[in-house]
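# Structural overview for review
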Amino acid sequence: MAKVTVLKTSPSRIMQDYERLLAYSQYRRHLPLGKDIILKLNLSWSKYYPACSTQPWQLDGVLHKLVKDGHRKIHPVENNTVVTDVWKGARENKWLPVLSKYHLKLQPLTGVEWVNFRTSKPLMALPKIFPEGLKIPKMFIGKNVLHLPTMKTHGHTTTTGAMKNAFGGLITKRRHHCHKMIHEVLVDLLQIQKEIHPGIFAIMDGTVAGDGAGPRTLVPKVSNYILASNDQVAIDAISARMMGFDPMKIKYIRKAHDLGLGCGDVSQIDIVGDDIRHVDFKFHVDKSPVI
């Protein structure tokens, strides 16, 4: 049965709660000690805006626990887009002081080797968008991955979270071309991840969640929840449900569920931690001028 750990938190105890979140989620089953971890940050906007990108306290809390537990092979990464710049985003979102605290360096994916990759199973969308062939970062292959998304809405996909975070890791700067088949693309990316990563895990920050015209021009709402899971479909489903959406009516969640890539049915997900049966943020989705 899929499992998602959810904790209610507050600013005064966020660091302790991130440590509890990782402990309760038994993350070491999926990210064992001694193995390399690709730490996939989420940069939706170069500017700092609450709920938009990986929060500095999210990064700090997660790294504190990882380093405390003995993890040393951690590779923080993120990519450019047509509207973001990695280094500007890392400065504005206060990632660099946190990474420095743990003696880690950010690796922009614009500066790594990308190699041709062919999946063992057919993909739905990516071969149509990139008929010349798919390239992925060579450094990802064979390493575990830890995603650090935030809880927010998205004008293209209704919600965005763990599955969408791979969008900025496995596709080049030209990934904006994928929005015309975005739901299928996200499912393709999860299939690729399952082939190249021995372990996949996500830790989502919902201390401030994003309502409305996400992922950039959203309305920040103080929510004070944090989530963790090895099932990327399940954590996105629980996040969507907390925001007030029916996960199985969101195409990328439903498609991934139907293909057996994870569990999108909330009734089949074991929720560990705090009781969220009555949580409903009543969020809605708008489209930004860009979208």
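This one's a predicted model, so the numbers in the text were calculated from it and none came from an experiment. (Residues numbered from 1 in each chain as written. Predicted model: local features only at pLDDT ≥ 70, side-chain atom pairs only at ≥ 80, totals over all residues. Heavy atoms only, no water.)

This next bit is on the pattern of salt bridges. Summed over the entire model, instances satisfying the criterion amount to 13 salt bridges. Taking the shortest distance from any N to any O, the salt bridge between Glu 78 and Lys 40 comes out at 3.0 Å. Of this pair, Glu 78 sits in strand β3 (residues 74-78) while Lys 40 sits in strand β2 (residues 37-40), placing them 38 residues apart in sequence. Here Glu 78 matches Lys 40 in class, with each residue buried. (Salt bridge = Lys/Arg side-chain N within 4 Å of Asp/Glu carboxyl O. Helix = DSSP H or I, 4+ residues; strand = E, 2+ residues; numbered from the N terminus. Buried < 20%, exposed > 50% of the residue type's maximum accessible area, 1.4 Å probe, protein only.)

Attention now moves to the packing of aromatic side chains. Overall, the coordinates contain 3 aromatic pairs when judged by the stated rule. Ring geometry for Tyr 225 and Phe 281: centres 6.3 Å apart, planes at 40 degrees, overall tilted. Of this pair, Tyr 225 sits in strand β11 (residues 217-229) while Phe 281 is found in the segment after β12 (269-273), placing the two residues 56 residues apart along the sequence. In textbook terms, an aromatic cluster arises when at least three aromatic residues are bridged by ring pairs, as seen for Tyr 225, Phe 281 and Phe 283. (Phe/Tyr/Trp six-rings, centres within 6.5 Å; stacked < 30°, edge-to-face > 60°.)

With that settled, consider the packing of helix α1 (residues 14-24) against helix α2 (residues 56-68). The geometry of α1 relative to α2 is characterised by a closest axis approach of 9 Å and an angle of 55 degrees between their N-to-C directions. Considered as vectors, α1 and α2 are oriented oblique to each other. Where α1 crosses over α2, the handedness of that crossing is right-handed. For the pair α1 and α2, the contacting residues are Ile 14, Met 15, Tyr 18, Glu 19, Leu 22 and Ala 23 in the first and Trp 57, Gln 58, Asp 60, Gly 61, Val 62, His 64, Lys 65, Leu 66 and Lys 68 in the second. (Axes fitted to C-alpha atoms, helices over the stretch in contact; angles between N-to-C directions. Parallel < 35°, antiparallel > 145°, perpendicular 65-115°, else oblique. Left-handed = near helix turned anticlockwise from the far one by under 90°. Contact = heavy atoms within 4.5 Å.)

Attention now moves to the state of the cysteines. All told, the structure shown has 0 disulfides when counted by the stated rule. Left without a disulfide partner, Cys 52 is nearest to the cysteine sulfur of Cys 178, which lies 19 Å away. With relative accessibility at 0%, the residue Cys 52 sits in the buried group. (Disulfide = S-S within 2.5 Å.)

Right, let's talk about the environment of Gly 244 for a bit. Relative to the assigned elements, Gly 244 resides in the loop between α9 (232-243) and α10 (251-258). When the C-alpha atoms of Gly 244 and Asp 280 are compared, they prove to be 5.0 Å apart, with 36 residues separating the residues in sequence. With residues near it in sequence (within four places) discarded, Gly 244 still touches Asp 280 and Lys 282.

Structural remark: α-helix, 3.6 residues per turn; residues separated by three or four positions point the same way. Here α2 is 13 residues long and its end C-alpha atoms lie 18 Å apart, about the 18 Å a rise of 1.5 Å per residue gives. By the burial criterion, the buried members of α2 are Pro 56, Gln 58, Leu 59, Asp 60, Gly 61, Val 62, Leu 63, Lys 65 and Leu 66. Where α2 terminates, the next one or two residues include Gly 70, which has phi positive at roughly 105 degrees. (Expected span 1.5 Å × (residues − 1).)

Assignment of secondary structure puts Tyr 252 in helix α10. With a relative accessible area of 0%, Tyr 252 lands in the buried category. With sequence-adjacent residues up to four places away left out, Tyr 252 is seen in contact with Thr 157, Thr 159, Thr 160, Gly 161, Met 163, His 183, Leu 186, Val 187 and Asp 236. Separated by 2.9 Å, the side chains of Tyr 252 and Thr 159 make a polar contact. (Polar contact = N/O pair within 3.5 Å; in protein donor to acceptor, adjacent residues only side chain to side chain.)

Here the focus is the pairing of β2. Within a regular strand, side chains alternate between the sheet's two faces. With burial as the criterion, each face of β2 is covered, one bearing Ile 37 and Leu 39 and the other bearing Ile 38 and Lys 40. Sheet topology places β2 next to β3; 4 bridges connect them, and they run parallel. Pairing of Leu 39 across the sheet is with Pro 76, part of β3. Running through α2, the crossover from β2 to the neighbouring parallel element β3 is right-handed. As paired elements, β2 and strand β7 (residues 144-147) share 4 bridges and run parallel to each other. The residue of β7 that forms the bridge with Ile 37 is Asn 144. (Pairing = 2+ DSSP bridges. Right-handed = clockwise from strand over helix to strand, strands pointing away.)

Read these as spatial facts, not as claims about activity.
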